[in-house]
Amino acid sequence: MSLLVILVYGSMVWYVFPNIEEGISWEGHLAGLITGFTFALTLKTNDYKKLIRYDWEDPNYNPENDKFMQRFDENGNFVNLPIPELVEELPISIDSTSSEYYVEYDAHENKYIIKKRE
């Protein structure tokens, strides 16, 4: 496949030289080649050179404040979060389609809180 690509695109280079094929403007192809190289060199952007910086690469990074790092114990083992506990039970007469109550998750306390709409 790469040999085919080299043959197809490599053969296009010949048209920048004069007298390859009658009726084809070699000057236009040469001007396009020069213009393409000039634009490629002058219109470069630095966006592609930008390195990705992660939070842990910051000099002020504190792993104790990182929620992901808090999931590891003192031996470096990953610890699952405890099962969230319900703070308030739903009344028995409420079905899942009721809009009288809604569920809110408190990430800081790791709890689901069921609240009544006002």
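Residues numbered from 1 in each chain as written. Predicted model: local features only at pLDDT ≥ 70, side-chain atom pairs only at ≥ 80, totals over all residues. Heavy atoms only, no water.

### Some thoughts on the overall build of the protein
Move 1: When its secondary structure is counted, the protein shows 2 helices and 3 strands.
Move 2: A buried classification covers 4% of the 118 residues belonging to the protein.
Move 3: Summed over all atoms, the accessible surface of the protein reaches about 11,100 Å², with 59% contributed by carbon and sulfur. (Helix = DSSP H or I, 4+ residues; strand = E, 2+ residues; numbered from the N terminus. Buried < 20%, exposed > 50% of the residue type's maximum accessible area, 1.4 Å probe, protein only. Areas by Shrake-Rupley, 256 points an atom, 1.4 Å probe, with all protein chains shown as cover.)

### Some details on a nonpolar patch on the surface
Move 1: A cluster of nonpolar side chains, Met 1, Leu 4, Val 5, Val 8, Tyr 9 and Met 12, forms an exposed patch at the surface whose accessible area comes to about 670 Å².
Move 2: Residue position: Leu 4 is located in helix H1 (residues 2–11).
Move 3: Given a relative accessible area of 51%, Leu 4 falls into the exposed group. (Patch = residues over 30% accessible without salt bridge, like charges linked within 9 Å, V, L, I, M, F, W, Y side chains within 5 Å. Salt bridge = Lys/Arg side-chain N within 4 Å of Asp/Glu carboxyl O.)

### Quick look at the packing of aromatic side chains
Move 1: Here the structure, examined in full by the defined rule, presents 4 aromatic pairs.
Move 2: Considering the side-chain rings of Phe 68 and Phe 72, the 5.3 Å spacing of their centres and the 80° angle between planes classify their relative orientation as edge-to-face.
Move 3: The exposure class of Phe 68 is partly exposed, given its relative accessible area of 49%.
Move 4: For Phe 72, a relative accessible area of 29% puts it in the partly exposed group.
Move 5: When the centroid spacing of 5.3 Å and the interplanar angle of 75° are considered together, the rings of Phe 72 and Phe 78 count as edge-to-face.
Move 6: Taken together, the ring pairs connect Phe 68, Phe 72 and Phe 78 into an aromatic cluster. (Phe/Tyr/Trp six-rings, centres within 6.5 Å; stacked < 30°, edge-to-face > 60°.)

### Here we look at the pairing of strand S3 (residues 111–116)
Move 1: As paired strands, strand S2 (residues 101–106) and S3 are joined by 6 bridges and run antiparallel to one another. Looking at S3, one finds that Val 103 is bridged to Ile 114.
Move 2: Where S2 folds back onto S3 in an antiparallel hairpin, the turn is made up of 4 residues, including Asn 110, whose phi is positive at roughly 55°. (Pairing = 2+ DSSP bridges.)

### Digging into the environment of Glu 118
Move 1: Tracing the backbone through its elements, the reader meets Glu 118 in the segment after S3.
Move 2: Sequence separation between Glu 118 and Glu 100 is 18 residues, and the spatial gap between their C-alpha atoms is 8.4 Å.

### Focus: the confidence of the model for the protein
Move 1: Taken residue by residue, the protein gives an average pLDDT of 78. The fraction at 70 or more is 84%.
Move 2: Here strand S1 (residues 85–86) stands out as the element of the protein with the lowest mean pLDDT, 66, in contrast to helix H2 (residues 26–42), whose mean of 87 is the highest. (pLDDT = per-residue confidence, 0-100.)

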